[in-house]
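Structural overview for review
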Amino acid sequence: MSLRIAFAGLGIMGTAMVKNLLAAGFDVAVTNRTADKAGPLVAAGAAFAATPAEAAAGRDVLVLMLTGPEACDAVLFGPGGAVAGPGQGLGPGGVVVNMSTVPASYNTALAARLAARGATLVDAPVSGSKKPAEEGTLVILAGGPQEVVERLTPMFLAMGKKVVRCGETGAGSVMKVSVNVLLGTMLAGFAEMLRLGEAGGLDRRTMLDVVLAGPMANDLLRMKEPLFENDAYPAQFPAKHMAKDVKFAVDAAYETGAAAPCAHMLVQLYRRTVALGLGDDDFAAVIRAL
Ligand code: NAP
């Protein structure tokens, strides 16, 4: 039987992901704090729900694609929340799939809170940004019981090209936050290299050609090439989200005792980018902070 899905969070990522769920034939009810954003999805066949409780009622799965922990708390437990009151919203046996990037510790605590209500949490953050979300080529990093992740796999494969079960609930978030330290470091290094060369009198286009012709060329740097070339940074992955994610990495490093010197540096760099008013720009705008 096909899963009946409720989806909360119609931002850059959520909107594209719901389009792909609808195209794959899933029955989806959407809800969003800013209700207007649901319009194009309703036109494409989604049901609209004014509140998360209304969206989740009678559904098998509630997907969250929200900014961070505060937004998840608001959608689940706030007024009109999906699990805010007894007998409302998601029923017993329901599954919450948290695809937002949040700390693993948040998801493990949330799993216990939901279990008390008979619901299961799977954390399933994604690797890939706006374009892969639109193309349905995200990589889904899932944490949760094997059989539940298997049951969700057809839904995941409507939004992504690959599902990696990283372990029990929380493991997907450990993977995601770790991956984003690599992502943030690669872009900060690319931006620093361009600034250093420019300060020494080099032309930016020539430097891009050198990097992209050599062994350091990769899909990420190629994707960011036009942004650096045009010195314009429309958001694929907003700098404010990178600033949030590297802070989660630093917190995780304190919790686990891992060394995280790059993550510490990245918090300063991406927070500076946000402080310059560039939080809604792509994280490649870190070059402006340099
Ligand atoms: P976004 O465009 O900023 O959308 C954020 C969503 O969260 C919106 O639907 C927003 O509602 C909702 N929200 C924020 N605060 C809320 C609150 N207090 N109560 C209820 N809803 C709230 O973000 P995005 O780029 O789609 O990213 C979503 C998640 O995916 C984030 O965790 C991000 O780190 C992660 N991610 C993003 C990318 C990327 O490239 N963009 C890639 C991988 C992972 P409104 O519409 O009302 O503001």
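1. Describing the pattern of salt bridges
Opposite charge on two side chains permits pairing when their charged atoms draw close. Enumeration over the complete set of coordinates arrives at 17 salt bridges. For the salt bridge of R4 with D27, the shortest nitrogen-to-oxygen distance reads 3.2 Å. With R4 in strand β1 (residues 4–8) and D27 in strand β2 (residues 27–31), this residue pair connects regions lying 23 residues apart in the sequence. D27 gets classed as partly exposed once you look at its relative accessible area, which sits at 34%. The shortest N-O distance in the salt bridge between D27 and R59 comes to 2.9 Å. Of this pair, D27 sits in strand β2 while R59 sits in the loop between α3 (52–56) and β4 (61–64), placing them 32 residues apart in sequence.

2. What about helix α4 (residues 69–77)?
Among all positions in α4, only P69, C72, V75 and L76 are buried. Each buried residue of α4 sits inside an arc of 130 degrees when the element is viewed along its axis, so together they form one side.

3. Details of unusual backbone geometry
Phi at D231 is positive, roughly 50 degrees, even though this residue is not glycine. By secondary structure assignment, the location of D231 is in the loop between α10 (219–230) and α11 (239–256). We classify D231 as partly exposed; its relative accessible area is 34%.

4. Concerning the pairing of β4
By the alternation rule, side chains of β4 split into V61 and V63 and L62 and L64, which are all buried. In this structure, β1 lies alongside β4, joined through four bridges in parallel fashion. Its bridge partner being in β4, A8 is matched across the sheet by L64. Of the pairings in the sheet, the one linking β4 to strand β5 (residues 95–98) comprises four bridges and is parallel in character. Counterpart to V63 in the pairing with β5 is V97. Where the polypeptide runs from β4 across α4 and back to β5, its parallel neighbour, the crossover connection is right-handed.

5. With respect to the site of the ligand
Taken together, 28 residues sit near the ligand, with M13, N32, T34, K37 and S129 positioned nearest. At 2.9 Å from an oxygen atom of the ligand is found a main-chain nitrogen or oxygen belonging to L66. A distance of 3.0 Å separates an oxygen atom of the ligand from a polar side-chain atom of H241. Of the residues assigned to the shell around the ligand, the class counts are 11 nonpolar, 11 polar and six charged.

6. Considering the nonpolar core
In terms of nonpolar packing, the biggest core is built from 37 residues, with L187, L221, F228, Y233, Y270 and F283 touching the most fellow members. The set of elements that each furnish at least two residues to this core consists of α8 (171–199), α9 (204–213), α10, α11, α12 (261–278) and α13 (286–289). Of all the elements, α11 adds the most residues to this core, at eight residues. The residues touching F283, leaving out its near neighbours within four places in the chain, are L183, G184, L187, K224, F237, P238, A239, M242 and Y270. Counting residues in hydrophobic clusters, the runner-up holds 36 residues, among them L3, M65, V122 and V126.

7. Examining the packing of α8 against α12
How two helices sit against one another is set out by the angle between their axes and by the gap between those axes. Relative orientation of the contacting elements α8 and α12 amounts to 60 degrees, with a least axis distance of 10 Å. As judged from the angle between their axes, α8 and α12 are oblique. In the crossing of α8 with α12, the sense of the turn from one axis to the other is left-handed. The segment α8 lies against α12, with V181, G184, T185, L187 and A188 engaging C262, A263, L266, L269 and Y270.

About the cut-offs
Residues take numbers from 1 onward in each chain, read along the sequence in its written order. For this predicted model, a pLDDT threshold of at least 70 governs which residues receive local features, and a threshold of 80 or more governs which side-chain atom pairs are given and counted, while totals over whole chains, interfaces and linings are taken from all residues. Side-chain measures were taken over the full set of non-hydrogen atoms in the model, leaving aside hydrogen atoms and water. Only one rule defines a salt bridge in this text: a Lys or Arg side-chain nitrogen within 4 Å of an Asp or Glu carboxyl oxygen. Helix and strand assignments follow DSSP, with helices taken as H or I runs no shorter than four residues and strands as E runs no shorter than two, numbered in order from the N terminus. Exposure is judged per residue with a 1.4 Å probe applied to protein chains only, and the accessible area is read against the type maximum: over 50% gives exposed, under 20% gives buried, and values in between give partly exposed. The reported arc concerns the directions from the helix axis to the C-beta atoms and nothing else. What makes two strands pair is DSSP finding at least two bridges between them. When the strands point away from the viewer, a crossover counts as right-handed if the route from the first strand across the helix to the second turns clockwise. When at least one non-hydrogen atom of a residue lies within 4 Å of a molecule or strand, that residue is treated as near it. N or O atoms closer than or at 3.5 Å make up a polar contact, with two conditions inside protein: a donor-capable atom paired with an acceptor-capable one, and, for residues adjacent in sequence, both atoms drawn from side chains. Classes in brief: Ala, Val, Leu, Ile, Met, Phe, Trp, Tyr, Cys and Pro nonpolar; Asp, Glu, Lys and Arg charged; the others, Gly included, polar. Only buried residues count toward a nonpolar core. Its members are Ala, Val, Leu, Ile, Met, Phe, Trp, Tyr and Cys residues joined through side-chain atoms within 4.5 Å. We call two residues in contact whenever any of their non-hydrogen atoms come within 4.5 Å of each other. In this description, a line fitted to the C-alpha atoms serves as the axis of each element, helices being fitted only across the stretch in contact, and the angle between N-to-C directions of two axes falls anywhere from 0 to 180 degrees. Orientation is classified from the angle alone, with under 35 degrees giving roughly parallel, over 145 giving roughly antiparallel, 65 to 115 giving roughly perpendicular, and any other angle giving oblique. By convention, the crossing between two helices is left-handed when the near helix turns anticlockwise from the far helix through less than a right angle, and right-handed when the turn is clockwise.

Interpretation in functional terms is not warranted from these geometric data alone.
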